[in-house]
Every structure is written in C-alpha cells, then in structure tokens.
Amino acid sequence: MAVKIKLKRLGKIRSPHYRIVVADSRTRRDGRAIEEIGLYHPVQNPSRIEVNSERAQYWLSVGAQPTEPVLAILKLTGDWQAHKGLPAPAPLLQPEPKADKRALFEALSADGDEAKGEAITPKAKKSDKKADEAADAAASTESTEA
C-alpha cells in the first residue's frame, strides 16, 4: 500500500484551512486518514503552520511520499532537511506588526507646524479668471480669422 502525506481541506468556501494527514494514496482528498500530523491555515496573517516533527520524520523514514504542497510546508518547517540530512533552514520570520495609522497621523500632524490646513497654491481671484477667459476668447477668434 502506497502511503502519502497530503492536505485534507476543511473550512468554508473562502476561508480554507487544512490538516496535514498521512493517508493511503487511493483515498480521496478529504477521505479517511491514517493519522493527522499537522495543521496549515493559509488565510491567517502570517500563515499558521504546525507540524508534529517526530511523526513527520517517522512517516518519511518508512517511505511515505509527500505531495508538492506538503513538501513545501515540510521544507519551511525544516522537517524535510532533517530527513535528507541537509542543513536546517533559517527560522520562519514573523512580520512586524503594522503601525497604527491613526497614531501615525496624529504624530505627523503634531510635528508639522508648516501645514495649517491651507491650500498650497494661491487661490485665483474671480477678476483674474474673467481676464484669462477674455484673453482665451480673443486668441481663439484670431486663430479662426487667420
């Protein structure tokens, strides 16, 4: 019997989460599993990956073949490198928490003395607009006469 380490899909339509399972290669994707050895939640930020390394090493040593997505997960956790005798990868980096936008805005508005909430470009007066319109009208009549 060929044994595979694969993902078993759970969750709603647009919020999937997976269990990393050991199953017979002939069973369906979400069918009966021999053993569950981990979790994978790709929707969370950062993705949640938990693998029972001891059980993963055991199943790899007895010949279970991981599918491509599981192989990528095992490489991230370092279990694949441990099985093959390669050096361990760098630890997973946790992204820095995003700065609070409101606090950042308030800090910048407190520091920025030159910004008073006024327009940067000077406002055009109505008399200037009328003069510009008259000049444009005169230029357009000259071009049509010529």
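Let me begin by describing the structure that accompanies this report. Quick caveat: nothing in here was measured; it's all calculated off a predicted structure.

Moving on, we come to the side chain of lysine 8. Its place among the elements puts lysine 8 in strand S1 (residues 3–11). Glutamate 36 provides the closest opposite charge to the buried, unpaired lysine 8, separated from it by 4.6 Å. Sequence-distant contacts of lysine 8, that is, excluding residues within four places in its chain, are made with His17, Tyr18, Arg19, Val21, Arg29, Asp30 and Gly31.

So, on to the packing of aromatic side chains. Tallied over the entire structure, the rule returns two aromatic pairs. Each ring, one from tyrosine 18 and one from tyrosine 40, has its centre 6.1 Å from the other, and the planes form 25°; the classification is stacked. Within this pair, whereas tyrosine 18 is found in strand S2 (residues 16–24), its partner tyrosine 40 is found in strand S3 (residues 35–41), the two being separated by 22 residues in sequence. Their ring planes at 75° and their centres at 5.3 Å tell us that tyrosine 58 and tryptophan 59 sit as a pair that is edge-to-face. The exposure class of tyrosine 58 is partly exposed, given its relative accessible area of 39%.

Right, let's talk about a negative patch on the surface for a bit. On the surface, a cluster of negative charge is contributed by Asp128, Asp132, Glu133 and Asp136. Its place among the elements puts glutamate 133 in helix H5 (residues 126–145).

Calculation notes
Residues numbered from 1 in each chain as written. Predicted model: local features only at pLDDT ≥ 70, side-chain atom pairs only at ≥ 80, totals over all residues. Heavy atoms only, no water. Helix = DSSP H or I, 4+ residues; strand = E, 2+ residues; numbered from the N terminus. Buried < 20%, exposed > 50% of the residue type's maximum accessible area, 1.4 Å probe, protein only. Lys, Arg positive; Asp, Glu negative; His and termini not counted. Salt bridge = Lys/Arg side-chain N within 4 Å of Asp/Glu carboxyl O. Contact = heavy atoms within 4.5 Å. Phe/Tyr/Trp six-rings, centres within 6.5 Å; stacked < 30°, edge-to-face > 60°. Patch = residues over 30% accessible without salt bridge, like charges linked within 9 Å, V, L, I, M, F, W, Y side chains within 5 Å. Areas by Shrake-Rupley, 256 points an atom, 1.4 Å probe, with all protein chains shown as cover. Charge placed at Lys NZ, Arg CZ, Asp CG, Glu CD.

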